[in-house]
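Commentary on secondary and tertiary structure
In case you want the letters, here they are:
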Amino acid sequence: MNKVALYARVSTDQQATGLESQVRILKDYCFKNDIVNYELFTDEGISGTKSSRPALDRMIAAVNNGEVGSVVVYSFSRFARSTTHLLNALQIFKAKNVAFVSLTEKIDTSTPVGLAVFSILAAISQLERDLIAERVKAGLANARAKGKLIGRKKMRDSDLIRKLLKAGMTFRQIAQIARCSHGSVWAEKSA
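Everything numeric in this text was worked out from a predicted model, so none of it was measured.

1. Concerning the overall build of the chain
Scanning the chain from terminus to terminus reveals eight helices and five strands. Along the chain direction, N to C, the helices and strands of the chain fall in the order β-α-β-α-β-α-α-β-β-α-α-α-α. Across its three principal directions, the C-alpha atoms of the chain cover 80 × 35 × 35 Å. Sequence separation of 24 or more characterises 63% of the internal contacts of the chain that already satisfy a separation of 6 or more.

As structure tokens, then:
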């Protein structure tokens, strides 16, 4: 049987008692459910907004290697701060047939209700991404309609670069004369 991965995290080193508390609750869960084959992964002093954390990365590697049968966390917030990060991890777990248990939220994806909650979270996350994209597009269209330029102001001398290109000069020579990058010369040639 694959091991159970227990994950705990606190943002600052001063929250040692919070980490200790999470670990105690996770181990208590294992004791109450007769789980003896578990491994504890803890990140201390690392923000939950970071999707890459040493212990979390080791745990995900263990999941990908087929060593883990389920992942247990104290709460969603200890595991991930964004819905997107949480759902990306849950997708990995689902693909590897790994159950996910959050003790605070009482979610267990190995149960039908837990799986339904996961599906609802995934749908909400997709809706959130779509709404953000829609708002960005609408905002950009509105800005363009008001005559605002989107993006950085073009700093290169396009006329000079085109004349130097026609004269057959190298990109390096043109970049030096026009005081721009090779990329700017290339962009002008491609335009």
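Still more to cover.
2. Considering the side chain of Ser70
Structurally, Ser70 is set in strand β3 (residues 68-73). Under the relative-accessibility criterion, Ser70 is labelled buried at 15%. In this structure, Ser70 is in contact with Lys3, Val4, Ala5, Val98 and Ala99, ignoring residues within four places of it in sequence.

3. Focus on the packing of helix α6 (residues 158-166) against helix α8 (residues 182-190)
Where α6 contacts α8, the axes come no closer than 10 Å and their chain directions differ by 80°. In this view, α6 runs roughly perpendicular relative to α8, as classed from their interaxial angle. Only Val185, Glu188 and Lys189 of α8 make contact with α6, whose side of the interface consists of Ser158, Ile161, Arg162 and Leu165. Grouping the constituent residues of the contact of α6 with α8 by class yields three nonpolar, one polar and three charged.

4. Digging into the environment of Lys189
Mapping Lys189 onto the fold places it in helix α8. Residues Lys189 and Leu165, 24 residues apart in the sequence, show an inter-C-alpha distance of 7.6 Å.

5. Remarks on unusual backbone geometry
Positive phi is not limited to glycine here, since Asp34 has a value of about 55°. Backbone geometry places Arg179, a non-glycine residue, at a positive phi of 55°. Arg179 sits in the exposed class, given a relative accessible area of 79%.

6. As for the sheet that holds strand β4 (residues 99-102)
The strand order across the open sheet formed by five strands is β2-β1-β3-β4-β5, and the pairing between neighbours is mixed. Edge positions in the sheet fall to β2 (38-44) and β5 (107-108), since each of these pairs with one other strand and no more. As judged from the seven bridges shared by strand β1 (residues 3-10) and β2, these two strands associate in the parallel manner. Within β2, the residue paired with Arg9 across the bridge is Asp43. Here helix α2 (residues 54-64) sits on the sheet in contact with β1, β2 and β3, set at roughly 150° to β2.

What counts and how
Residues numbered from 1 in each chain as written. Predicted model: local features only at pLDDT ≥ 70, side-chain atom pairs only at ≥ 80, totals over all residues. Heavy atoms only, no water. Helix = DSSP H or I, 4+ residues; strand = E, 2+ residues; numbered from the N terminus. Contact = heavy atoms within 4.5 Å. Buried < 20%, exposed > 50% of the residue type's maximum accessible area, 1.4 Å probe, protein only. Axes fitted to C-alpha atoms, helices over the stretch in contact; angles between N-to-C directions. Parallel < 35°, antiparallel > 145°, perpendicular 65-115°, else oblique. Nonpolar A, V, L, I, M, F, W, Y, C, P; charged D, E, K, R; others polar. Pairing = 2+ DSSP bridges.

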